[in-house]
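Structural features, examined
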Amino acid sequence: DPGDCPSGIRPDQDFTSSNFSMDIRMPGVTPAEVMDFIPHANMDTVHHMLLFGCRKPSSISSYWDCGGAVGACEDQSSIMYAWGRNAPSTKLPRDVGFLVGKNSKMPYLVLQIHYGDIKAFRDHHRDCSGITLTMTYKPQPFIAGIYLLLSYNTVIPPGNKVTNADVACDYTSFPIYPFAFRTHTHHLGKVVTGYRVRNGEWTLIGRQSPQLPQAFYPTNKDVNVQYGDTVAARCMFTGENMTTATSIGSTSNDEMCNFYIMYYMDRKHAIPFMTCMNPGPKQLFQHIPAEANIPIPVSPDMMHAGHQDSDLYSLISKLLGQSKDIDHIHKYRSNTDLMAHSDSVIQKKDLGSPNAKVVFHPSLMRDRIHKFHQLEATAEPPRSKLLAEGQDFHLEQVSWPLTSLQLGQVSGLAYNTHSYLVVFHRGDHRWGANSFNLQERYQERFLGPIQQSTILVVDPDVGAVMKASGRNMFYLPHGITTDKDNNYWLTDVALHQVFKVSGNGRDRILVALGEAFVPGSDSGHFCKPTDVAVDSKTGNVFVSDGYCNARILKFSPEGKYLNETTGDYLAHFQLLSFIPHSLAFIPDRQELCVADRENGRIQCFIAETGEFVKEIKKEEFGGKVFAITYSPDGLLYAVNGVSPHHSAPVRGFVMNYYSTGILDTFQPEKKEFQMPHDIVESIDGVYVGDLDSRQIYKFTLEKSHRSVKKGGIDVQQLDGKAVGGLNLGNFFVSHRGYTRQGFDQLSTEGSDQERNNDSSDSEYEEFSTLPPRSSS
């Protein structure tokens, strides 16, 4: 009888309060912001419990077997809480809560319990293990989440004294502030340690033996994780007393390697769950601190310590000295004063005294200190095999094409998933000084559309045309990009439009953005749009617009307008003559880089928000950057152009994206680039399309094995940050109005000399998050 267990919602007796509690029990579970987790379980019966937030559960029954392929959630699941080995209660910091409920990303709560020895049920009793949640209707300033690092491919050989499982991912979102961590392995785990790596420096997040109560322990007080950092963890195992190999799996005969980070972040940027399953480069873990390789000794009585016998968090809170009296931080004149006061409190506090008090609000304070910290991306993950091994390489021109290509001005290049080069050219049309009037309207419509095929699919080896399309469609082609379905995203500066065209050669227009021949600056109009970048994960597209508007617009794959970022978003940059001429999407970091042609620089932004990440500006560019392209192994390619103010040669550049250093330059051997207008990375090198010479140049690496295929399995995303859900049951089964706004515009394609003249209190102690040191 499910009624044997006290499941359901129990409102607070004070009806003027916004707080209430909810029981989730086994069996017969009946499923605001969650503030506390109170477990009701014993390790003699329950191995561990996981509380998921789901958009849709795998079953509508009150309880079901969620093992095997069924799982807890039908779609994506977010782990909110985990319990094991008689861990005590968990209470979040003040002003922090997990966002759940009808209008959140987690409208359903599903409790998954992994039971231990079946002998516990010899008396045929009904289990009532579960969790009580303390909840509130009051919105909290900060939203909590879980970042789970886990290994999926570790094998522990029998007899081996030490086997390590390493996990590491780059962090590519808004700052998070870890306040608790939890470790989980089965019986072979000796110690699990997690770190933040920033600029080569390892900072401890947490370290614990997984044989102790698997609670959420307080993290290192001054750690935070921000864009550009690497999050890493190591699980140390022993197979000394084993006779067979042990793999990662969900049964008690398998092993697991999990490091949970419970964090909070600003409410408007909240991400409830992130995963990392990337083994990480060996070079990174060569520098892991020695403590990660030292087992934590655990006595039998410590292994079975329950929350009934020892309130771990009462002890922790006594050490930290959390106070109910909060001084408002607004009274401090600056962050410097605030930090000085905080440091003074920390230095004077007697950690041995249960009555020591902290007189600041930790969560608010840390947010204030870091709210305006600029995102950095200076860390250089050795992702590229070539770069990591320190190998030298050089791009050399090869004789290409081997057959004649009849081309007009080559404005755009792309590379499709079939490894064919796609060329976008202008046939017999040219962009000249009289092509546009002062209002940016195209003046040569009388010529009609280009009658030649403007889109050519070319064999990358010999240069033979495999497929031709795009006749009588375009007037002045500019940029081309292919998506994962091999559709073309194209821009036409005369039409002031962006098109999504089927790549099967039938010229079917799937999406048309903008109004033909009508320039503008609202969400439905462009003014000489230049390029498109596609997020391969979401299918969203970014349009650089362009010669007049100096902005980046974001659209869905179906052409729905999402948002835009204008050049003056960054008030501290002087963006006059800003022309976003070429785009490159960095999928592993979810960044968008822009070739700012007239300022001779590359600027990179967080694609989701438009926030500035970094700028690459080199003397070698000579004041112009026409086009850029990105390689999955961390290389950024660029081509510059002729500038009347600089004498730098026109050539191509190979850069390390993370350090921004120039690794190589390249140019034609016999001729010179006249106006290299676009560049695209291929399997073994790059192609450069030259506008004025109407030629395409091919450059290949002396070491052709540069590209590194990303390993992994098809579960959400394994390389870098994965935002979304993870079904552990499925996982283990399967793996087993137009305005100038101060910007100058160019009336011709290549010269900047012909310009337009226009110019509450609880019996359970809560986590306390101490402020980071000012150096962090």
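Analysis parameters
- Residues numbered from 1 in each chain as written.
- Predicted model: local features only at pLDDT ≥ 70, side-chain atom pairs only at ≥ 80, totals over all residues.
- Heavy atoms only, no water.
- UniProt positions renumbered as here; feature names shortened; annotations may be inferred.
- Salt bridge = Lys/Arg side-chain N within 4 Å of Asp/Glu carboxyl O.
- Buried < 20%, exposed > 50% of the residue type's maximum accessible area, 1.4 Å probe, protein only.
- Phe/Tyr/Trp six-rings, centres within 6.5 Å; stacked < 30°, edge-to-face > 60°.
- Helix = DSSP H or I, 4+ residues; strand = E, 2+ residues; numbered from the N terminus.
- Pairing = 2+ DSSP bridges.
- Axes fitted to C-alpha atoms, helices over the stretch in contact; angles between N-to-C directions.
- Disulfide = S-S within 2.5 Å.
- Polar contact = N/O pair within 3.5 Å; in protein donor to acceptor, adjacent residues only side chain to side chain.
- Core = buried A, V, L, I, M, F, W, Y, C linked by side-chain atoms within 4.5 Å.
- Domains from an automatic or database assignment.

In the annotation of an unreviewed UniProt entry, the protein chain is listed under the name Peptidylglycine alpha-amidating monooxygenase and assigned to Takifugu rubripes. According to the UniProt record, the Subcellular location (unreviewed entry) comment for the protein chain reads "Cytoplasmic vesicle, Secretory vesicle membrane".

Some words on the pattern of salt bridges
Enumeration according to the criterion identifies 11 salt bridges in this entry. Across the salt bridge formed by Arg 551 and Asp 545, the nearest N and O atoms sit 3.0 Å from each other. Judged by relative accessible area, which is 2%, Arg 551 ranks as buried. Between Arg 589 and Glu 591 there is a salt bridge whose closest N-O contact spans 3.3 Å.

Structural notes on the packing of aromatic side chains
This structure, assessed with the given rule, holds 29 aromatic pairs. Taken together, a centroid distance of 5.3 Å and an interplanar angle of 35° make the contact between Tyr 177 and Tyr 264 tilted. Of the two residues, Tyr 177 is situated in strand E13 (residues 177–184) and Tyr 264 in strand E19 (residues 258–266); the sequence distance between them amounts to 87 residues. No difference in accessibility class separates Tyr 177 from Tyr 264, as the two residues are buried. An aromatic cluster of at least three residues, connected via ring pairs, comprises Trp 431, Phe 436, Tyr 442, Tyr 475, Phe 517 and Tyr 547.

Concerning the environment of Leu 133
Relative to the helices and strands, Leu 133 is located in strand E9 (residues 130–136). Remark: the alpha-carbon pair of Leu 133 and Phe 37, spanning 96 residues in sequence, is separated by 5.0 Å.

Comments concerning unusual backbone geometry
Most of the time, phi is negative for any residue but glycine, and the peptide bond is trans. Residue Pro 401 is bonded to the preceding Trp 400 through a cis peptide linkage, with omega at -5°. Position of Pro 401 among the secondary structure elements: in the loop between strand E21 (395–398) and strand E22 (410–415). Between Asp 545 and the following residue, Gly 546, the backbone shows a cis peptide bond with an omega angle of -15°. You can see Gly 546 is positioned in the loop between strand E31 (541–545) and strand E32 (551–555). The backbone phi angle of Ser 419 is positive, close to 65°, even though this residue is not glycine.

Describing the pairing of strand E43 (residues 685–690)
Where burial is concerned, most of E43 is hidden: 6 out of the 6 residues are buried. Relative to E43, strand E42 (residues 676–681) is paired through 5 bridges, and the arrangement is antiparallel. Along E43, the bridge assignment pairs Asp 678 with Gly 689. Remark: 3 residues form the turn of the hairpin made by E42 and E43, two consecutive strands paired antiparallel. Hairpin connection from E43 to strand E44 (residues 695–701): 4 residues lie between these consecutive antiparallel strands, with Arg 694 at a positive phi of about 55°.

Considering the sheet that holds strand E12 (residues 163–170)
With antiparallel pairing, 4 strands are arranged side by side in an open sheet as E12-E17-E14-E15. Each of the sheet's edge strands pairs with one partner strand only, and the pair in question is E12 and strand E15 (201–208). Strand-to-strand twist across the sheet, computed as the mean angle between neighbouring axes with direction ignored, equals 20°. Examined bridge by bridge, strand E14 (residues 189–198) and strand E17 (residues 230–237) share 8 bridges and lie antiparallel to one another. The residue bridging Gly 189 from the neighbouring strand is Phe 237, located in E17.

Observations regarding the state of the cysteines
According to the stated counting rule, one finds 5 disulfides in the structure shown. Disulfide partner of Cys 235: Cys 257, at an S-S distance of 2.0 Å. Because the sign of the S-S torsion sets the handedness, a value of about 85° for the bond joining Cys 235 and Cys 257 places this disulfide among the right-handed ones. Here Cys 235, found in strand E17, pairs with Cys 257, found in the loop between strand E18 (246–247) and E19; they are 22 residues apart in sequence, far enough to count as distant. Like Cys 235, the residue Cys 257 is buried in the burial classification.

What to know about the environment of Phe 179
Assignment of secondary structure puts Phe 179 in strand E13. Look at Phe 179 and you get buried, because its relative accessible area is 1%. Sequence separation between Phe 179 and Asp 222 is 43 residues, and the spatial gap between their C-alpha atoms is 9.5 Å.

Details of the UniProt feature "binding site: Zn(2+)" (unreviewed entry) in the protein chain
Look at the UniProt record and you will see "binding site: Zn(2+)" (unreviewed entry) annotated at His 478, His 581 and His 677. For the annotated residues, spread through 200 residues, the largest C-alpha to C-alpha distance comes to 9.6 Å, consistent with a single compact locus. Along the chain, His 581 falls in strand E34 (residues 580–586). Taking relative accessible area as the criterion, His 581 reaches 2% and is therefore assigned buried. Of note is the side chain of His 581, whose polar atom sits 3.1 Å from the side chain of Tyr 547. Of note, His 677 is situated in strand E42. For His 677, a relative accessible area of 2% puts it in the buried group.

Re the nonpolar core
By size, the foremost hydrophobic cluster in this structure holds 74 residues, and its most contacted members are Phe 37, Leu 51, Tyr 147 and Leu 149. Counting residues domain by domain, this core receives three or more from each of domain 1 (7–140) and domain 2 (143–297). Core analysis: the next-biggest nonpolar cluster, separate from the first, contains 25 residues, Ala 414, Val 493, Phe 499 and Cys 527 among them.

Here's the deal with the pairing of strand E28 (residues 497–501)
Burial runs high along E28: 5 of the 5 residues are buried. Residues of E28 alternate between two faces, with Gln 497, Phe 499 and Val 501 on one and Val 498 and Lys 500 on the opposite face, all of them buried. Pairing geometry for strand E27 (residues 488–492) and E28, over 5 bridges, is antiparallel. By the bridge assignment for E28, Trp 489 is matched with Lys 500. Connecting E27 to the next strand, E28, in antiparallel fashion are 4 residues, including His 496 with a positive phi near 55°. Across 4 bridges, the pairing between E28 and strand E29 (residues 509–513) is antiparallel. From the neighbouring strand, Lys 500 faces E29, where its bridge partner is Val 511.

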